[in-house]
Amino acid sequence: MNIQTDFSLKTYNTFGIDAKAKQFTSVQNIEELTTVLEHNTDIFILGGGSNMLLTQDIDKLVVHVNLKGISIIEENEDSVWIKANAGENWHEFVLWCIDHNYGGIENLSLIPGNVGTTPIQNIGAYGVEIKDMFSSCDAIKITDKKIKTFKKEDCNFGYRESIFKNDLKDLYIITSVVFKLTKKNHKTNSSYGAIETELANHKITNPTIKDISNAVIAIRKSKLPDPKELGNSGSFFKNPIVPLELYKKVTLKYPDMPHYVVSETEVKVPAGWLIEQAGFKGKRFGDAGIHEKQALVLVNYGNATGQEIVDVSKNIQKTILDKYGISIEAEVNII
Ligand code: EPU
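Please read these numbers as outputs of a predicted model, since none were measured by experiment.

Scoring rules and cut-offs
Residues numbered from 1 in each chain as written. Predicted model: local features only at pLDDT ≥ 70, side-chain atom pairs only at ≥ 80, totals over all residues. Heavy atoms only, no water. Pairing = 2+ DSSP bridges. Helix = DSSP H or I, 4+ residues; strand = E, 2+ residues; numbered from the N terminus. Salt bridge = Lys/Arg side-chain N within 4 Å of Asp/Glu carboxyl O. Near = heavy atom within 4 Å. Polar contact = N/O pair within 3.5 Å; in protein donor to acceptor, adjacent residues only side chain to side chain. Areas by Shrake-Rupley, 256 points an atom, 1.4 Å probe, with all protein chains shown as cover. Buried < 20%, exposed > 50% of the residue type's maximum accessible area, 1.4 Å probe, protein only. Axes fitted to C-alpha atoms, helices over the stretch in contact; angles between N-to-C directions. Parallel < 35°, antiparallel > 145°, perpendicular 65-115°, else oblique. Contact = heavy atoms within 4.5 Å. Nonpolar A, V, L, I, M, F, W, Y, C, P; charged D, E, K, R; others polar. Core = buried A, V, L, I, M, F, W, Y, C linked by side-chain atoms within 4.5 Å. Domains from an automatic or database assignment.

Asker: Explain the pairing of strand β11 (residues 147-151) to me, please; I cannot follow it from the model alone.
Answerer: It is a general feature of regular strands that their side chains alternate between the two faces of the sheet. Summarising the sheet, strand β10 (residues 134-141) and β11 pair through 5 bridges and their orientation is antiparallel. Following the sheet pairing, Ser136 is matched in β11 by Lys151. Connecting β10 to the antiparallel partner β11 that follows it, the hairpin turn spans 5 residues, and Lys145 within it adopts a positive phi of roughly 60°.

Now the structure itself:
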């Protein structure tokens, strides 16, 4: 196994931060992963690097989980269970499913990152979350190297949340995920306003899964920066879930504030709106900034350090708290 030292992680994180790993290795299969775990205890697990912000060098062995492979493990007339290994690129996997006419994850097109990290934060977009199609995942326990299968009900999925981000944080490495997808009578979800508009613009009334994917790709490209061109990690913050009383109080002063009902006592408020209203959209502080088309996305214009981006995020959080009394929490893992 090839272990490199003093290794730049710049091309291994979508923010493009030039932090260094004391040691680095990329594992291609479970056996290699197990061997690494047997010989090293001080490790840092790296997937697609699309949901993290590096604020320092990593004084450990960074293990890049590069397990590839897609296979059908079960099917019946209506459904198919597909297992994808953790290192598969998520968007390429989505396109593979669409090409094979397997439906369910088309709304999650063009989300950066790898398959193995999708359950960790229950990725979601345009009315769909990964938990909707998640069947199970296999994960290796770092301490005893045993593989455990987690069923959907084991994962405590919530909005951008799962057990892997909370109780089991840093204890398991996800090695593969099984998704249950449809083979026919696909239940397409085009209820999200931007998708409806995009389809209407193309005069599509009865969309296929490919039409939905194309619409999502067009919307994302128009709003969200491509990490290959401008370093970013998608939404930097979660949309805050706010008690109804606080929401009512804030709307007395800011009646235009959008919201989505979550329960009888809580609403979700778009953080992008709060950040834009607070005047941050498109602002730049050195090489760190707030994207000009989607205020929820922080960007690296080139040579920003992780700390500079964190400083911008803290400035935003404080301003929003002072202005609206609402706390917004980072979605991205700050390391
Ligand atoms: N808004 C603004 N200004 C902005 C951005 C948004 O006023 O700069 C307002 C919009 O006008 C709209 C509302 O906020 O009323 C919602 O905006 P949008 O539809 O763009 O979605 P979002 O809530 O900002 C979430 C996800 C995205 C996902 C989209 C579409 C989170 C944290 N983010 O963003 O996920 O693509 O919905 O479903 O839930 C990601 O996680 O990396 C990500 C991009």
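Asker: How should I be thinking about the pattern of salt bridges in this particular structure?
Answerer: If the charged atoms of two oppositely charged side chains come close together, the side chains can form a pair. Applying the stated criterion to the full structure yields 12 salt bridges. Note that Lys184 and Asp78 form a salt bridge whose closest N and O atoms lie 3.9 Å from each other. Of this pair, Lys184 sits in the loop between β12 (172-182) and α3 (193-201) while Asp78 is found in the loop between β6 (70-75) and β7 (79-85), placing the two residues 106 residues apart along the sequence. Residue Asp132 pairs with Lys131 through a salt bridge whose shortest N-O separation is 3.2 Å. Linked through salt bridges whose partners overlap, the residues forming this network are Glu77, Asp78 and Lys184.

Asker: Sorry if this is basic, but what is going on with the site of the ligand here?
Answerer: Residues in contact with the ligand amount to 24 residues; listed here are only the nearest, Tyr126, Tyr159, Arg160, Tyr192 and Glu276. Tyr159 places a side-chain nitrogen or oxygen 2.7 Å from an oxygen atom of the ligand. One nitrogen or oxygen atom from the main chain of Gly272 is found 3.4 Å from a nitrogen atom belonging to the ligand. For the ligand, the protein covers 81% of the area, taking 820 Å² as the surface of the free molecule. The set of elements that each furnish at least two residues to the shell around the ligand consists of β8 (124-125), α4 (209-223), β13 (231-235) and α6 (271-277). For the shell around the ligand, the leading source of residues is α6, giving 3 residues.

Asker: Mind showing me how you'd approach the pairing of strand β5 (residues 58-65) here?
Answerer: Most of β5 is tucked away: 6 of the 8 residues are buried. Alignment of strand β2 (residues 20-27) against β5, held across 6 bridges, turns out to be parallel. Considered in β5, the bridge of Ala21 is made with Ile58. Direction of pairing for strand β3 (residues 43-46) relative to β5: parallel, over a ladder of 4 bridges.

Asker: What is the right way to look at the packing of α3 against α4 in this model?
Answerer: Describing two packed helices takes the angle between their axes plus the distance from one axis to the other. In the contact formed by α3 and α4, the axes pass within 9 Å of each other and the chain directions differ by 110°. The pairing of α3 with α4 is recorded here as roughly perpendicular in orientation. For the pair α3 and α4, contact is made by Ala194, Ile195, Glu198 and Leu199 and by Asp211, Ile212, Ala215, Val216, Ala218 and Ile219, respectively. Looking at the contact of α3 with α4 residue by residue, the classes come out as 8 nonpolar, no polar and 2 charged.

Asker: Whenever I open this one, the nonpolar core confuses me. Can you help?
Answerer: What tends to happen in soluble globular proteins is that the nonpolar side chains get buried as a cluster. Counting residues in hydrophobic clusters, the biggest one holds 43 residues, and the most contacted among them are Leu9, Leu274, Ile275, Ile309 and Ile316. Elements represented by at least two residues in this core include exactly β2, β3, β4 (52-53), β5, α5 (244-253), α6, β18 (288-290) and α7 (306-324). With 6 residues, the single largest contributor to this core is α7. Built from parts of two domains, this core gets at least three residues from each of domain 1 (4-65) and domain 3 (231-334). If near-sequence neighbours (up to four positions away) are discounted, Leu274 is found in contact with Pro240, Met257, Val269, Ile320, Tyr324, Ile326 and Ile328. Judged by nonpolar contacts, the second largest core, of 40 residues, contains Ile111, Ile123, Ile195 and Ile219.

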